[in-house]
Amino acid sequence: MSSLDPILVVLLYASLAALAAALGVIPYAVAGRLPLPVLGWSNALASGLMLGVAYSLFAIEFSAGLFGGAAGALLGVLFVRLVHAGTGTTDLDLNQLDELDPAYGYQVVLVNTLHSAYEGVAIGVAMLVSLSFGISMAAALAIHNIP
């Protein structure tokens, strides 16, 4: 992998992590609507993985200084909030997709695109630290995308 352009390596791993979300459709296609406890535990797993990813990235920046880590985290949260407010995707309820206008589907696709873009940035930052850290970050994000 070292002979590839680093940008292509990040693009490859970020794309694989985003494509893993398609695996989440399989249980729904086979069993239909899943019971709420299954969805709850799946989302809990995804949330735990995201907390681990966030902590890992924050700890790296935190070692460089408290202000840098805190400022980066605050700017990241602010950016996500502004983007969702600007695109009108702040109040999506994915539990009520059957009752909604088809245009709502476009908003869901937009949210997932934004979500994948943020993950790509996280994978890129992790790859700046080391290739193995970036690959493990991509794997964690891929697993979290499945639920």
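The rules behind these values
- Residues numbered from 1 in each chain as written.
- Predicted model: local features only at pLDDT ≥ 70, side-chain atom pairs only at ≥ 80, totals over all residues.
- Heavy atoms only, no water.
- Helix = DSSP H or I, 4+ residues; strand = E, 2+ residues; numbered from the N terminus.
- Buried < 20%, exposed > 50% of the residue type's maximum accessible area, 1.4 Å probe, protein only.
- Areas by Shrake-Rupley, 256 points an atom, 1.4 Å probe, with all protein chains shown as cover.
- Expected span 1.5 Å × (residues − 1).
- Axes fitted to C-alpha atoms, helices over the stretch in contact; angles between N-to-C directions.
- Parallel < 35°, antiparallel > 145°, perpendicular 65-115°, else oblique.
- Left-handed = near helix turned anticlockwise from the far one by under 90°.
- Contact = heavy atoms within 4.5 Å.
- Polar contact = N/O pair within 3.5 Å; in protein donor to acceptor, adjacent residues only side chain to side chain.
- Patch = residues over 30% accessible without salt bridge, like charges linked within 9 Å, V, L, I, M, F, W, Y side chains within 5 Å.
- Salt bridge = Lys/Arg side-chain N within 4 Å of Asp/Glu carboxyl O.
- Nonpolar A, V, L, I, M, F, W, Y, C, P; charged D, E, K, R; others polar.
- Core = buried A, V, L, I, M, F, W, Y, C linked by side-chain atoms within 4.5 Å.

Right, let's get into the overall build of the protein chain. From N to C terminus, the protein chain includes six helices and zero strands. Scored against the burial criterion, the 147 residues of the protein chain give a buried share of 22%. Carbon and sulfur atoms form 72% of the exposed surface of the protein chain, whose accessible area is close to 9,800 Å².

In this section: helix 6 (residues 131-145). A rise of 1.5 Å per residue sets the reference length of helix 6, with its 15 residues, at 21 Å; its end C-alpha atoms lie 21 Å apart and thus fit the reference within 8%. Within helix 6, the full set of buried residues consists of Phe133, Gly134, Met137, Ala138, Ala140, Leu141, Ala142, His144 and Asn145.

Our next topic: the packing of helix 1 (residues 6-19) against helix 5 (residues 103-129). Between helix 1 and helix 5, the shortest axis-to-axis distance is 9 Å and the interhelical angle comes to 135°. Classified by the angle between their axes, helix 1 and helix 5 sit oblique to one another. At the point where helix 1 passes helix 5, the crossing takes the right-handed sense. Here Val9, Val10, Tyr13, Ala14, Ala17 and Ala18 of helix 1 come into contact with helix 5, specifically with Ser116, Gly120, Ile123, Gly124 and Met127.

You can see His144 is positioned in helix 6. There is a polar contact of 3.4 Å between the side chain of His144 and the side chain of Glu119. Apart from the residues lying within four places of it in its own chain, the contact partners of His144 are Ala46, Leu49, Met50, His115 and Glu119.

Attention now moves to a nonpolar patch on the surface. Together, Leu23, Ile26, Val30 and Ile146 line one region of the surface with nonpolar side chains, adding up to about 360 Å² of accessible area. With respect to the secondary-structure elements, Ile146 resides in the segment after helix 6. For Ile146, a relative accessible area of 31% corresponds to the partly exposed category.

All right, on to the packing of helix 1 against helix 6 then. The interhelical angle for the contact between helix 1 and helix 6, taken along N-to-C directions, is 20°, at an axis separation of 7 Å. Considered as vectors, helix 1 and helix 6 are oriented roughly parallel to each other. The handedness of the crossing between helix 1 and helix 6 is right-handed. Where helix 1 approaches helix 6, its residues Val9, Tyr13, Ala17 and Ala18 are matched on the opposing element by Leu131, Ile135, Ala138, Leu141, Ala142 and Asn145. In the contact of helix 1 with helix 6, the residues fall into nine nonpolar, one polar and no charged.

The next thing to look at is the environment of Asn43. The residue Asn43 is located in helix 3 (residues 36-64) in this model. As for Asn43 and Ile146, which are separated by 103 residues in sequence, their C-alpha atoms are 9.5 Å apart.

The biggest cluster of nonpolar side chains holds 18 residues, and the ones touching the most others in it are Tyr13, Val53, Leu57, Ile123, Met127, Met137 and Leu141. Looking at this core, the elements that each hand over two or more residues are helix 1, helix 3, helix 5 and helix 6. Top element by residues in this core is helix 6. It accounts for six residues. Apart from the residues within four sequence positions on either side, Ile123 is in contact with Tyr13, Ala14, Ala17, Gly134, Met137, Ala138 and Leu141.

As a further point, take the environment of Val108. Mapping Val108 onto the fold places it in helix 5. Among the residues examined, Val108 registers a relative accessible area of 16% and is labelled buried. Linking Val108 and Thr89, residues 19 residues apart in sequence, is a C-alpha distance of 7.9 Å.

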